[in-house]
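# Fold and contact review
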Amino acid sequence: MRDRCLRLSPELGRPRNRGIQLSGRARELGERGAGAAERLYAGRFAGFTPCTLGGYCFYRFHMQRMKLFDEEVFGAGVFVTARLRAGGRLEWERTERLTGSGAPRMAVNTM
């Protein structure tokens, strides 16, 4: 399962695009877990009512990888991938730089 959140608002001469993509496993929550998730969600989003979701369900997501894109920090066309390790520690996995041809050039972690 993957989820992605991008913020694209470039300004001339000042790159500011950034985003995050999370990869991992997800499973549907049972009744008890779904009830707790629903209360948490309702506390965060005032306009939420239980019938708002219709046929949607609550899931628990276990992230395994994260891909970051931040032109202001890493430069234009650079994607950094990290893997989640034991104890919640993030470890760099690879850096990709898009070339003019659109094909990525990669620097791969050799550790």
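Thresholds, definitions, all that
- Residues numbered from 1 in each chain as written.
- Predicted model: local features only at pLDDT ≥ 70, side-chain atom pairs only at ≥ 80, totals over all residues.
- Heavy atoms only, no water.
- Helix = DSSP H or I, 4+ residues; strand = E, 2+ residues; numbered from the N terminus.
- Contact = heavy atoms within 4.5 Å.
- Salt bridge = Lys/Arg side-chain N within 4 Å of Asp/Glu carboxyl O.
- Core = buried A, V, L, I, M, F, W, Y, C linked by side-chain atoms within 4.5 Å.
- Buried < 20%, exposed > 50% of the residue type's maximum accessible area, 1.4 Å probe, protein only.
- Phe/Tyr/Trp six-rings, centres within 6.5 Å; stacked < 30°, edge-to-face > 60°.
- Pairing = 2+ DSSP bridges.

A few words on the environment of A82. Mapped onto the fold, A82 is located in strand β4 (residues 78-84). Once the C-alpha coordinates of A82 and M66 are considered, the two residues, 16 residues apart in sequence, prove to be 5.3 Å apart. What A82 contacts, discounting residues up to four positions off in sequence, is Q64, R65, M66, L90, E91, W92 and E93.

Once that is clear, we can look at the pattern of salt bridges. Throughout the structure, instances matching the rule amount to seven salt bridges. With a shortest N-O distance of 3.1 Å, K67 and E96 are connected by a salt bridge. A residue pair is termed long-range when its members are at least 10 positions apart, and K67 in strand β3 (residues 59-70) and E96 in strand β5 (residues 90-98) qualify at 29 residues. The residue E91 makes a salt bridge to R89 at a minimum N-O spacing of 3.7 Å. A single network of salt bridges, built from pairs that share partners, joins R65, K67, R83, E93, R94 and E96.

This brings us to the nonpolar core. Counting five residues, the largest nonpolar core consists of L29, A34, A37, F48 and F58. Once residues within four sequence positions are removed from consideration, A37 is found in contact with L29 and F58.

Scanning the entire structure with this criterion turns up four aromatic pairs. With centroids separated by 6.1 Å and ring planes inclined at 70°, the aromatic side chains of Y41 and F58 adopt a geometry described as edge-to-face. Taken together, the positions of Y41 in helix α1 (residues 31-44) and F58 in the loop between α1 and β3 put the pair 17 residues apart, joining distant regions of the chain. By relative accessible area, F58 is classed as buried at 16%. Through successive ring pairs, a cluster of aromatic residues spans Y41, F45, F48 and F58.

This paragraph deals with the pairing of β3. Strand direction decides the pairing type here: strand β2 (residues 18-28) and β3, joined by 11 bridges, are antiparallel. Counted as the bridge partner of S23 is R65 from β3. As paired strands, β3 and β4 are joined by five bridges and run antiparallel to one another. Residue pairing across strands places F69 opposite F79, the latter belonging to β4.

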